Amino acid sequence: MSTELKHSVAVMGLPLANVTADEAVEQIERLILSGGTHQVATANLDFWLNSLIDVHLHRIIAGCSLVLPDGMPLVWISRLFGNPLKERVSGADLVPQLAQLSAEKGYGIYLLGGRPGVGERAATVLGERYPGVKIVGHHAPPLVDLERMDHGDTLDRIRAAKPDILMVAFGNPKQEKWIRMHAKRSGVPVSIGIGGSLDMLVGDVQRAPLWMQRSGLEWLGRCVQEPTRLLPRYARNFKGLALKLPVALLASLLQRQQRGPSSARRTGDSGMMHLHLQGNLEASTSAVLDRTVNGCVADGQLLVVHMRELEYASPEGLGALLDARQRLLASGLSLTLAGVPARLRLLFSAWCLEPLFDEFKIERERFALGKKATRVAQFAAFVGKESGAAVESES
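Being a predicted model, the structure only gives us computed values, none of them experimental.

Asks: How should the overall build of the protein chain be read in this particular structure?
Replies: Of the regular secondary structure elements, the protein chain holds 16 helices and twelve strands. Scored against the burial criterion, the 395 residues of the protein chain give a buried share of 49%. A separation threshold of at least 6 residues defines the contact pool for the protein chain, and within that pool the share at least 24 residues apart is 77%. Summed over all atoms, the accessible surface of the protein chain reaches about 19,000 Å², with 55% contributed by carbon and sulfur.

The structure is reproduced here in structure tokens:
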């Protein structure tokens, strides 16, 4: 098993893990053993577009310990930007691989969601295919909105089963929001959103032939089976991509990659660390970012990354920045950017990263409003004072 998690690659605002399916399973096992609670997402083009519409969902996905590329369009886009992902890692493939891991290592799996009876059938199928798999429970809550769910009953079932892996089949964005809502209270080491993977496992939905899966055409096979439900979704997703991708490519081309070594220097004050980047932010320069984050977590310091002298940022470099953000937020700390030049601001906007680094926008607005309110109050006091003086002089 690998000793550490590798950095993500930033693909249109999503921090995607650059791993094979086997490496993904290794990293999930590492998360189980690392302590705490972790969320894993299997992101496709629909996740991406939903995240652009829903900033809360975007931040949930970016805050996951591991985001896997469950969609060939995302893999193709990574190739366009020069940092190709190794392969697609689908939820439908991940479920049986984790069942095999459970059979070998004894990790408990809980199946949550799906239509009534699907979880029970899936448990039977997994038990037959992977002797020794440890399915510790399954539950299919009524198909209602998050606001109307009986959260307490579901959590009680999961806590009683004490799984190591929780597979949530609510569909996006419901499953990602549910996991984030209850990750700490459930106490499950790793929770994964798996969408419709259980339906495929039990055969209610047929997977496309292997050649279609390998060529990135599985979506077409699914459309043939469920045209009414999926055609409008895929049309919307590809329309959104057609609008965003050209601008993202243009913003990438406008960067100036600096030749020669890049540098970074650190300065600190009470409770805050400042990291000044110069030159290029790439995979090779991310080591100093890692060391800085380690220090911030150990000392409880906030991190400010200064980018005024930064000339170029690669998808791997931005992936490392997103990973740093995730680690700091998971530790109750924060990362903010300072001195971002115009071309990088354009890049952040075009690559759909801007919403992930504006956590302090509200605070800045409040500060500005506070200053305005203070000026108004001072003016009102001045007017009141002058009016009082006028009254006294008239009397």
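Asks: How do you make sense of the pattern of salt bridges when you look at a structure like this?
Replies: Oppositely charged side chains can form a pair if their charged atoms are brought close together. With the rule as written, the count across this model stands at 18 salt bridges. When the shortest N-O distance is used, the salt bridge between D46 and R233 registers 3.9 Å. Taken together, the positions of D46 in helix α2 (residues 45–53) and R233 in helix α12 (residues 227–253) put the pair 187 residues apart, joining distant regions of the chain. Judged by relative accessible area, D46 falls into the buried class, the value being 9%. Accessibility expressed as a relative area gives 27% for R233, which makes it partly exposed. Between R207 and E218 there is a salt bridge, with its nearest N and O atoms 2.9 Å apart. Here R207 is found in the loop between α9 (197–202) and α10 (210–214), whereas its partner E218 is found in helix α11 (residues 218–225), with eleven residues between them in sequence. Look at E218 and you get buried, because its relative accessible area is 5%.

Asks: What should I look at first to understand the pairing of strand β7 (residues 165–169) in this one?
Replies: Residues in a regular strand project their side chains so that they alternate between the two faces of the sheet. Among the five residues that make up β7, five are buried, leaving the element largely enclosed by the rest of the structure. The side-chain alternation of β7 yields two buried faces, one formed by I165, M167 and A169 and the other by L166 and V168. By the bridge criterion, five bridges tie strand β5 (residues 108–113) to β7 in an arrangement that is parallel. Directly across from Y110, in β7, lies its bridge partner L166. Both β7 and strand β8 (residues 190–193) contribute to a ladder of four bridges, which runs parallel. Counted as the bridge partner of L166 is S191 from β8. Handedness of the crossover joining β7 and β8 through helix α8 (residues 174–186): right-handed.

Asks: Which parts of the structure should I look at to understand the sheet that holds strand β11 (residues 302–313)?
Replies: As a general point, the strands of a sheet are linked pairwise by backbone hydrogen bonds and lie either parallel or antiparallel. Strand order in the open sheet made by the four strands is β9-β10-β11-β12, with mixed pairing throughout. Each edge of the sheet is formed by a strand with only one pairing partner; in this case those strands are β9 (263–269) and β12 (335–338). Within the sheet, the average angular offset between the axes of one strand and its neighbour, ignoring direction, is 25°. Sheet analysis places strand β10 (residues 272–281) next to β11, joined by nine bridges and oriented parallel. When the sheet's bridge partners are listed, L281 is paired in β11 with A313. In the packing of helix α15 (residues 342–350) onto the sheet, contacts are made with β11 and β12, and the angle to β11 comes to roughly 105°.

Asks: Would you explain the sheet that holds strand β4 (residues 66–69) in this entry?
Replies: Within the open sheet, the six strands sit side by side as β4-β3-β8-β7-β5-β6. Their pairing is parallel. Both outer strands of the open sheet, β4 and β6 (134–139), are each paired with one neighbouring strand and no more. Averaged over all neighbouring strand pairs, the angle between strand axes comes to 20°, with direction disregarded. Across four bridges, strand β3 (residues 38–43) lies against β4 in parallel orientation. What sits directly across from V40, in β4, is L66. Packed on one face of the sheet, helix α1 (residues 21–34) meets β3, β4, β7 and β8 and runs near 165° to β4. Contacting β3, β5, β7 and β8, α8 runs over the sheet at an angle of about 165° to β8.

Reading guide: rules and limits
Residues numbered from 1 in each chain as written. Predicted model: local features only at pLDDT ≥ 70, side-chain atom pairs only at ≥ 80, totals over all residues. Heavy atoms only, no water. Helix = DSSP H or I, 4+ residues; strand = E, 2+ residues; numbered from the N terminus. Buried < 20%, exposed > 50% of the residue type's maximum accessible area, 1.4 Å probe, protein only. Contact = heavy atoms within 4.5 Å. Areas by Shrake-Rupley, 256 points an atom, 1.4 Å probe, with all protein chains shown as cover. Salt bridge = Lys/Arg side-chain N within 4 Å of Asp/Glu carboxyl O. Pairing = 2+ DSSP bridges. Right-handed = clockwise from strand over helix to strand, strands pointing away. Axes fitted to C-alpha atoms, helices over the stretch in contact; angles between N-to-C directions.

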